[in-house]
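# A structural walkthrough
Each chain, written out:
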Amino acid sequence: MESVLSKCENQSTVLSEYLEEFPETDGSVWILGRQYHLKTDKSKLLLDISARLWFTYRRKFSPIGGTGPSSDTGWGCMLRCGQMMLAQALICRHLGRDWQWERHKKQPEEYHKILRCFIDRKDGCYSIHQMAQMGVGEGKSIGEWFGPNTVAQVLKKLALFDEWNSLAVYVSMDNTVVIEDIKKMCWCPPQSSSASRGSTFSHRSALSQNKNTAGFCSGWKPLLLIIPLRLGINHINPIYIDAFKECFKMPQSLGALGGKPNNAYYFIGFLGNELIYLDPHTTQIFVDLEENGTVDDHSFHCQQAPHRMKIMNLDPSVALEILKQQSLRMFELVQNHPAHWPPFIPPAKPEVTTSGAELIESTDKLLELEEEFEILSV
């Protein structure tokens, strides 16, 4: 009984310290499409922020590539922010935006399955190992800092091996979102007997049906829309502030990746002209899977005060993440593929029998994979 009371006292202390960080005003806070009034909704605000998966630097995981670093401290912050953004997309996909996390409360299997995608192991679909090695194909050495666009490209390629979630990841070019191209990526028609072996969509649909992945690849695939933007030259242009804030009000919003040079944050909302973000710059020890396949998850949820920074201090290079296309003034939304652009060919997973983890286990295999992607994207 005493231990239970002690836990409750500790949680109350954390809650109190957490809420004191927000000013006593009549203003409201927006967190990933949800609005909270500071005077009446602070407890709900806390629960919402702490429910987001929080990925930070880790140490003592298995060396990347077998001989590489066993910690990402100092270089992996943007990769961790990319993980947080993608994890939010998967939570919305499988658990819904209203899902809440509570420490010591049993969570559904889908939650643990999502978390397993990001565990720091070479066989994790979106692990630090996979992201760092896939980054080699984007011109980034293992241990080198990534920018927002590089992370977006890496996630787009890794998603091709993720049949359970079956996401279509579209990364816009030249501040332009092309609806025609998105439809090509998202539409996955059922396999027919006359379908050719070279049909990308039919091949992926067949894989999904054969492996019984809940039919997510049959019909319309959920879209993860990432829009790399530069909102100024050396500093963010004030004319973009209102449009940038509107992004966090959208029900489909997954936030933004950005921050300062070599210092990445995951932005999840705003209060006035301050952005609210989760900070990956904390080094925690590696957490592995339990024998039953679950994860000790308390270190994957930030239960401290969220950080805030003035919007004008934001680096102008950011990547917006949206689970569904939406028109904003910061980018152009067009129906048809521009005639002067190269033809759009949706990316496809190479026809291999190994998993994505096995395929990019070494740098040599990674480079071979990159050549296949380049051929597909010509």
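Please refer to the structure placed before this passage.
Right, let's walk through the structure included here. Everything numeric here is computed off the predicted structure, so don't read it as measured data.

On to the environment of leucine 167, then. For leucine 167, the position within the fold is in the loop between helix H6 (148-158) and strand E4 (168-171). A relative accessible area of 6% places leucine 167 in the buried class. Separated by 53 residues in sequence, leucine 167 and tryptophan 220 have C-alpha atoms that sit 9.9 Å apart. Among residues more than four places away in sequence, those in contact with leucine 167 are Leu86, Leu90, Arg93, Ala159, Lys221 and Pro222.

Taken as a whole and assessed by the stated rule, the structure comprises twelve salt bridges. Between arginine 97 and aspartate 48 there is a salt bridge, and its shortest N-O distance comes to 2.9 Å. A residue pair is termed long-range when its members are at least 10 positions apart, and arginine 97 in the loop between helix H3 (77-94) and helix H4 (109-116) and aspartate 48 in helix H2 (residues 42-51) qualify at 49 residues. In this structure aspartate 48 comes out as buried when scored by relative accessible area, which is 0%. Across the pair arginine 308 and glutamate 274 runs a salt bridge whose closest N-O atoms are separated by 2.7 Å.

Moving on, we get to the nonpolar core. If you look at the biggest cluster of nonpolar residues, it comprises 70 residues, and the most contacted ones within it are Ile31, Leu53, Phe118, Tyr126 and Tyr266. For this core, the element with the most residues is H3, which contributes eleven residues. Aside from chain neighbours lying at most four places away, what touches phenylalanine 118 is Phe55, Gln83, Leu86, Ala87, Leu90, Tyr126 and Ser127.

Within the secondary structure, threonine 150 sits in helix H6. On the accessibility criterion, threonine 150 (13% relative accessible area) is buried. Sequence-distant contacts of threonine 150, defined by excluding residues within four places in its chain, comprise Glu138 and Lys140.

Another point: the environment of leucine 314. Examined against the element boundaries, leucine 314 turns out to sit in the loop between strand E13 (307-310) and strand E14 (317-322). For the pair leucine 314 and asparagine 234, spaced 80 residues apart in the sequence, the C-alpha separation amounts to 10.0 Å. Among residues more than four places away in sequence, those in contact with leucine 314 are Ile236, Phe244, Gly258, Gly259, Phe267, Leu275 and Met309.

Turning our eyes to something else, we now look at the packing of aromatic side chains. One pass over the structure, following the stated rule, counts ten aromatic pairs. On the basis of an interplanar angle of 35 degrees and a centroid distance of 4.2 Å, the ring pair of tyrosine 265 and tyrosine 277 is categorised as tilted. In this pair, tyrosine 265 is assigned in strand E10 (residues 263-271) and tyrosine 277 in strand E11 (residues 274-278), connecting sequence segments twelve residues apart. Classification of tyrosine 265 as buried rests on a relative accessible area of 8%. A relative accessible area of 8% means that tyrosine 277 is categorised as buried. Three or more aromatic residues joined by ring pairs form one cluster here, namely Phe55, Phe118, Tyr126 and Phe300. Geometry around phenylalanine 300 places arginine 58 over its ring, the cationic atom sitting 4.4 Å from the centre.

The subject of this paragraph is the pairing of strand E2 (residues 34-37). On any regular strand, side chains alternate: one points to one face of the sheet, the next to the other face. Note that strand E1 (residues 28-31) and E2 share four bridges and pair antiparallel. Bridging from a neighbouring strand, isoleucine 31 pairs with arginine 34 of E2. Joining the antiparallel neighbours E1 and E2 is a turn of two residues, in which leucine 32 adopts a positive phi near 45 degrees.

Further remarks concern the side chain of serine 299. Of note, serine 299 is situated in the loop between strand E12 (283-285) and E13. Its relative accessible area of 8% is what places serine 299 among the buried residues. Once residues lying within four places of it in the same chain are set aside, the contact partners of serine 299 are Trp54, Arg58, Gln284 and Val287.

Here lysine 60, not a glycine, exhibits a phi torsion of approximately 70 degrees, which is positive. In this fold, lysine 60 is placed in the loop between strand E3 (57-59) and H3. Residue class for lysine 60 comes out exposed when judged on its relative accessible area of 58%. Positive phi outside glycine occurs at histidine 104, with the angle close to 70 degrees. Its place among the elements puts histidine 104 in the loop between H3 and H4.

Along an α-helix, a turn takes 3.6 residues, which lines up residues three or four apart on a common side. In a regular helix each residue adds 1.5 Å, so 18 residues correspond to 26 Å; H3 covers 26 Å between its end C-alpha atoms and thus fits that length. By the criterion of burial, H3 is predominantly enclosed, with 16 of the 18 residues buried.

Attention now moves to the packing of H3 against helix H5 (residues 128-136). One way to put it is that H3 packs onto H5 with a least axis distance of 11 Å and a crossing angle of 120 degrees. Relative to H5, the element H3 is oriented oblique. Relative to H5, H3 is oriented so that their crossing is right-handed. Facing Leu79, Arg80 and Gln83 of H3, the residues of H5 in contact are Ile128, Met131 and Ala132. Broken down by class, the residue content of the contact of H3 with H5 amounts to four nonpolar, one polar and one charged.

Each value, and the rule that gives it
- Residues numbered from 1 in each chain as written.
- Predicted model: local features only at pLDDT ≥ 70, side-chain atom pairs only at ≥ 80, totals over all residues.
- Heavy atoms only, no water.
- Helix = DSSP H or I, 4+ residues; strand = E, 2+ residues; numbered from the N terminus.
- Buried < 20%, exposed > 50% of the residue type's maximum accessible area, 1.4 Å probe, protein only.
- Contact = heavy atoms within 4.5 Å.
- Salt bridge = Lys/Arg side-chain N within 4 Å of Asp/Glu carboxyl O.
- Core = buried A, V, L, I, M, F, W, Y, C linked by side-chain atoms within 4.5 Å.
- Phe/Tyr/Trp six-rings, centres within 6.5 Å; stacked < 30°, edge-to-face > 60°.
- Lys NZ or Arg CZ within 6 Å of the ring centre and 35° of its normal.
- Pairing = 2+ DSSP bridges.
- Expected span 1.5 Å × (residues − 1).
- Axes fitted to C-alpha atoms, helices over the stretch in contact; angles between N-to-C directions.
- Parallel < 35°, antiparallel > 145°, perpendicular 65-115°, else oblique.
- Left-handed = near helix turned anticlockwise from the far one by under 90°.
- Nonpolar A, V, L, I, M, F, W, Y, C, P; charged D, E, K, R; others polar.

Don't take any of this as a statement about function, it's just geometry.
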